[in-house]
Amino acid sequence: WAKTEQEKGKYDFSWLDKQVDFANANGINVYLDTEYGNHIYPGCNGVDLGGKFPTGEVAVAAWDRWVDAISKHFKGRVRDWSMWNEPWCSAEEIAAQNIRTAKVIKRNIPDARIAGLSLATNDPKFHEACYKAFGSDIGLFWRFIYHGYVPAPESSYSNVMALKDLCARYAPHATLWQGENGAPSEMPGDGLALNHIAWSE
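Residues numbered from 1 in each chain as written. Predicted model: local features only at pLDDT ≥ 70, side-chain atom pairs only at ≥ 80, totals over all residues. Heavy atoms only, no water.

(A) The overall build of the protein chain, seen in detail. Broken down by element type, the protein chain carries 5 helices and 5 strands. Secondary structure elements of the protein chain occur, N-terminal to C-terminal, as α-β-α-β-α-β-α-β-α-β. For 201 residues, the compact-globule formula gives about 17 Å, and the C-alpha radius of gyration of the protein chain, at 17 Å, lands near that figure. Sequence separation of at least 24 residues holds for 71% of the intrachain contacts in the protein chain that already meet a minimum separation of 6. (Helix = DSSP H or I, 4+ residues; strand = E, 2+ residues; numbered from the N terminus. Rg over C-alpha atoms; globule rule 2.2 N^0.38 Å. Contact = heavy atoms within 4.5 Å.)

Below is the structure:
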């Protein structure tokens, strides 16, 4: 958002148009994240990973306008969308932000396929709390994303099976999708996922 709207009310998608058009021209399906704040509005709380959802009437209205603008701009070129990447807040806040954003996209692209959650955890209890918080609006989403960073992939299998069961129970129309995963290529202290481990080849 911050890269697109550097002056209030003026949106420049040219930097992203190039990527989307190249992908589409080469048979690569595009899905776009909707994420992060914008420092030109008070209450937008950071412009990258770790920033919190927009808060306050001004920031929330600005967010809605941006989501409206980007979904209108890419209508016909992008069908798949996902929500704010790795939000760090309550299940209720995550569900409310996901629902708000999805409804704006669907207003412009009725057949949009929207992935919800994009959580930085595969903890079944937290996922279930999110599913419950969606209520009847869970039907807005066609898949749900989890990130499952663990040193050994097999150690997350039990959680993933539980997530599949939860998805089938609360959203039988949807599927579960593994998002980010794996191990970093840098040594400890770089701030990336699993950076507390001294990785080697």
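(B) Structural detail: helix 4 (residues 124–134). Within helix 4, burial applies to Pro124, His127, Cys130, Tyr131 and Phe134. Projected onto a plane normal to the axis of helix 4, the buried residues spread over an arc of 120° and lie on a single side. The exposed set on the far side of helix 4, more than 90 degrees from its buried face, consists of Lys125 and Lys132. In the core, the buried residues of helix 4 are packed alongside helix 3 (91–108), strand 3 (113–119), strand 4 (143–146), helix 5 (157–170) and strand 5 (175–178). Following helix 4 by one or two positions, glycine 135 has its phi on the positive side, about 60°. (Buried < 20%, exposed > 50% of the residue type's maximum accessible area, 1.4 Å probe, protein only. Arc of directions from axis to C-beta.)

(C) A look at the packing of aromatic side chains. In this structure the tally under the stated criterion is 15 aromatic pairs. Where phenylalanine 13 meets phenylalanine 74, the ring centres are 5.9 Å apart and the plane angle is 75°; that geometry is what we call edge-to-face. Pair noted here: phenylalanine 13 is in the segment before helix 1 (14–25) and phenylalanine 74 is in the loop between helix 2 (57–73) and strand 2 (80–82), with a separation of 61 residues, a long-range link. Ring centres 5.5 Å apart and planes at 45° place the aromatic pair tryptophan 63 and tryptophan 84 in the tilted group. Residue tryptophan 63 is found in helix 2, and its partner tryptophan 84 is found in the loop between strand 2 and helix 3; the two are separated by 21 residues along the sequence. (Phe/Tyr/Trp six-rings, centres within 6.5 Å; stacked < 30°, edge-to-face > 60°.)

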